[in-house]
Amino acid sequence: MSRLSSFLKLGAVFSALFMLQTAALPAQTTYAIRNARIVTVSGPTIENGTVVVSDGKISAVGERVRIPSRSRVINGRGLTVYPGLFNANTQMGLTEVGAVAVTNDYSEMGEFTPHLLAFSAFHVESEHIPVARVDGITHVLTRPSGGTMPGQAAVMHLAGWSPEEMEVDRHAAQILDFPALLPLRGGFFGGGGGSNRPHSEQKKEFDEKIGEIKEILDKARHYARAQQAGAEVEYDKQLAALLPVLRGEQPVLIEASSRVDIKEAVKFAEEQKLNYVILGAREAAKVADFLKEHNARVILGATQALPPSADDPIDIMYRTPAILHEKGVAFALATGGSSDVRTLPFEIGNAVAYGLPYEAALRAITLSPAEFLGVADRLGSIEEGKIANLVVADGDILEYQTQIRHLFINGAEVELESRHTQLYEKYINRP
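Just so you know, the residues in each chain are numbered from 1, in the order the chain's sequence is written. A pLDDT threshold of at least 70 governs which residues receive local features in this predicted model, and a stricter bar of 80 or more applies before side-chain atom pairs are shown or counted, although totals over entire chains, interfaces and linings include all residues. Side-chain numbers come from the whole structure's heavy atoms, not from hydrogens or water.

**With respect to the overall build of the protein chain**
Selection criterion: A helix here means a DSSP run of H or I that spans at least four residues, while a strand means a run of E at least two residues long, and both kinds are numbered starting from the N terminus. The size measure is the radius of gyration over C-alpha atoms, and the globule rule it meets is 2.2 Å times the number of residues to the 0.38 power. Any two residues whose heavy atoms approach within 4.5 Å at even a single point are treated as in contact. Using a 1.4 Å probe, accessible areas were evaluated by the Shrake-Rupley method; residue-level cover was limited to the displayed protein chains. In this tally, Lys and Arg are treated as positive and Asp and Glu as negative; His is ignored, and so are the chain termini. The location of each charge is read from NZ of Lys, CZ of Arg, CG of Asp or CD of Glu.
Along the protein chain, the regular secondary structure elements total 12 helices and 16 strands. For the protein chain, the C-alpha radius of gyration of 24 Å lies close to 22 Å, the compact-globule estimate for 431 residues. Structurally, the protein chain occupies a C-alpha span of about 85 × 65 × 50 Å along its principal axes. Sequence separation of at least 24 residues holds for 65% of the intrachain contacts in the protein chain that already meet a minimum separation of 6. In the structure as shown, the protein chain presents an accessible area of about 21,300 Å², 51% of it carried by carbon and sulfur atoms. Each charge class in the protein chain can be summarised by its mean position, and for the 42 positive and 52 negative side chains these summaries are 4 Å apart.

Below, the structure is given as structure tokens:
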């Protein structure tokens, strides 16, 4: 027998074995959550219905749904199914212990680094991830900081073996730290970024920074025009990264806090024809009419925070979401940071107690941020064809007492265990 014939026969054997092994692999589990209350967010709540999950997606939802054979059935009687919660402003996976520098990887040197990706630094083994999951957070926007334009934020699932497996969109948004013309002075305790410098000096510095931002955007426009004209242009990673921004394909999250800075940020974004969202917006309530007039979208920060100014009412942070809702401003809510990601449902729950309608509150942490970031075709509500990020709870998900009973991310059920639950079990049984 020739050597070639031997190799061919050996190859055929390996091929047959591979096919048998592949055929023997178990198919992805199909789940059916039946007899449950289903809060779809995008449509009416189904008081007694079924959600079917297969191949990582929601394959059926409704009052009368056929459950596929060999499904794993979860009895949802007394339980409520919600879309997975979306915290759309975090540094999840980029920082572990703030005071330990080697665990922080959210910033690089340079003022303008729009080509850098938070996705590239995402740490899948972060202890903050399972902690957030236990409170119903299934996906987050994780973003870089440091510098005026520090890079691109990513939308990530909170379960998976690798960043690639957890990725929803690694190019979800550009971050722009808008220069402060009127910095907030830190509320009741003073400090915190305020300045006693003359206004003329602050205005000069503000204009210089705005000029720098405009300059890099103008360079990117020239770069794009040269490419379109067929000219030989040397590749520039910074300018190339801004082309989706100029085309309006990639949103820009513009950080601005004071009422003056929010107005300046909106005017700048409209002048530059950007697809923008205002981020933080601590004094948004003071410019709600302006935001509505410009159809500006806002991702608010946490409600459990001190008022921006000593002159503000003590409850202004709790009331801000209701004020924006009443004015018709499109908004979402996020917590920032990494360790506080888990508090998201309770932050917006506080706003419900101060006048925000419940449906608007739930939308602010599910569908609205998905719409702002261009992933609403995949996430944010319980609809057929969307990714199966689902939370099954024994009560109102905005209440502290509620327990999550089942959690699905990307169609797979995830264990509800974290560093916190492990410590609880350890010490609750202490002799």
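**Overview of the packing of aromatic side chains**
Definition in use: Working definition: rings of Phe, Tyr and Trp (its six-membered ring) pair if their centres are within 6.5 Å, and the pair is stacked with planes under 30 degrees apart, edge-to-face with planes over 60 apart, and tilted otherwise. Here's how the labels work: a residue is buried when its accessible area is under 20% of the maximum for its type, exposed when over 50%, partly exposed in between, all with a 1.4 Å probe on protein chains only.
All chains considered together, the criterion is met by five aromatic pairs. Ring geometry for tyrosine 318 versus tyrosine 354: centroids 5.0 Å apart, planes at 25 degrees, classification stacked. With tyrosine 318 in helix H8 (residues 316-327) and tyrosine 354 in the loop between helix H9 (344-353) and helix H10 (358-364), this pair connects stretches of sequence that are 36 residues apart. Tyrosine 354 gets classed as partly exposed once you look at its relative accessible area, which sits at 37%. An aromatic cluster of at least three residues, connected via ring pairs, comprises Phe178, Phe206 and Phe268.

**Comments concerning the pairing of strand E9 (residues 167-177)**
Successive side chains on a regular strand alternate, one facing one side of the sheet and the next facing the other. Rules: Pairing between strands is defined by DSSP: at least two bridges between them are needed.
Looking at chain direction, strand E8 (residues 151-157) and E9 are connected through five bridges and run antiparallel. Note that in E9 the partner of glycine 151 across the bridge is isoleucine 175. In terms of strand pairing, E9 meets strand E10 (residues 252-256) through four bridges, oriented parallel. Directly across from glutamine 174, in E10, lies its bridge partner valine 252.

**Regarding unusual backbone geometry**
In this structure, asparagine 35 is a non-glycine residue whose phi angle is positive, near 60 degrees. Looking at the secondary structure, you find asparagine 35 in strand E1 (residues 31-38). Of note, the phi angle at arginine 70 is positive, near 65 degrees, even though the residue is not glycine. Summarising the element assignment, arginine 70 is placed in the loop between strand E3 (57-62) and strand E4 (72-75). For arginine 70, a relative accessible area of 86% puts it in the exposed group.

**Regarding the environment of alanine 388**
With respect to the element layout, alanine 388 can be found in the loop between helix H11 (367-372) and strand E14 (390-393). For alanine 388, a relative accessible area of 0% gives the class buried. Once the C-alpha coordinates of alanine 388 and phenylalanine 408 are considered, the two residues, 20 residues apart in sequence, prove to be 6.5 Å apart. Among all residues touching alanine 388, those that are not within four sequence positions of it are Val53, Gly56, Lys57, Ile58, Phe408, Ile409, Asn410 and Gly411.

**Observations regarding the packing of helix H4 (residues 199-228) against helix H5 (residues 237-246)**
As a reminder, the rule being used: Interaxial angle, 0 to 180 degrees, is taken between N-to-C directions of lines fitted to C-alpha atoms, where a helix line uses only the stretch in contact. The cut-offs work like this: below 35 degrees is roughly parallel, past 145 is roughly antiparallel, 65 to 115 is roughly perpendicular, and the gaps in between are oblique. Three residue categories are used. Nonpolar comprises Ala, Val, Leu, Ile, Met, Phe, Trp, Tyr, Cys and Pro, charged comprises Asp, Glu, Lys and Arg, and polar comprises the others, including Gly.
Axis separation between H4 and H5 bottoms out at 9 Å; the angle between their running directions is 90 degrees. Considered as vectors, H4 and H5 are oriented roughly perpendicular to each other. Here Ile216, Leu217, Lys219, Ala220, Arg221, Tyr223, Ala224 and Gln227 of H4 lie close against H5, whose contacting residues are Leu239, Ala240, Leu242, Leu243 and Leu246. Its residues assigned to classes, the contact of H4 with H5 shows 10 nonpolar, one polar and two charged.

**Some points on the nonpolar core**
Burial of nonpolar side chains together is a common tendency in soluble globular proteins. Counted only if it meets this: Put simply, a nonpolar core is a bunch of buried Ala, Val, Leu, Ile, Met, Phe, Trp, Tyr and Cys residues held in one set by side-chain atoms that sit within 4.5 Å of each other.
Ranked by size, the top nonpolar core spans 82 residues in total, and within it Ile254, Ile278, Leu291 and Ile348 carry the most contacts. If you tally residues by element for this core, the top one is H4, at eight residues. What isoleucine 254 contacts, discounting residues up to four positions off in sequence, is Leu176, Phe178, Ala265, Ala269, Tyr276, Val277, Ile278 and Leu279. Within the second largest apolar cluster, 21 residues are counted, among which are Ala88, Val155, Phe372 and Leu373.

**Observations concerning the pattern of salt bridges**
Filter applied, for reference: Only one rule defines a salt bridge in this text: a Lys or Arg side-chain nitrogen within 4 Å of an Asp or Glu carboxyl oxygen.
In total, this model carries 20 salt bridges according to the counting rule given. Close ionic contact of aspartate 377 with arginine 378 constitutes a salt bridge, the shortest N to O distance being 3.6 Å. Using a relative accessible area of 26% as the deciding quantity, one classes arginine 378 as partly exposed. Via salt bridges that share partners, Arg259, Glu283, Lys286 and Asp312 belong to a single interconnected network.

On their own, these measurements won't tell you what the molecule is for.
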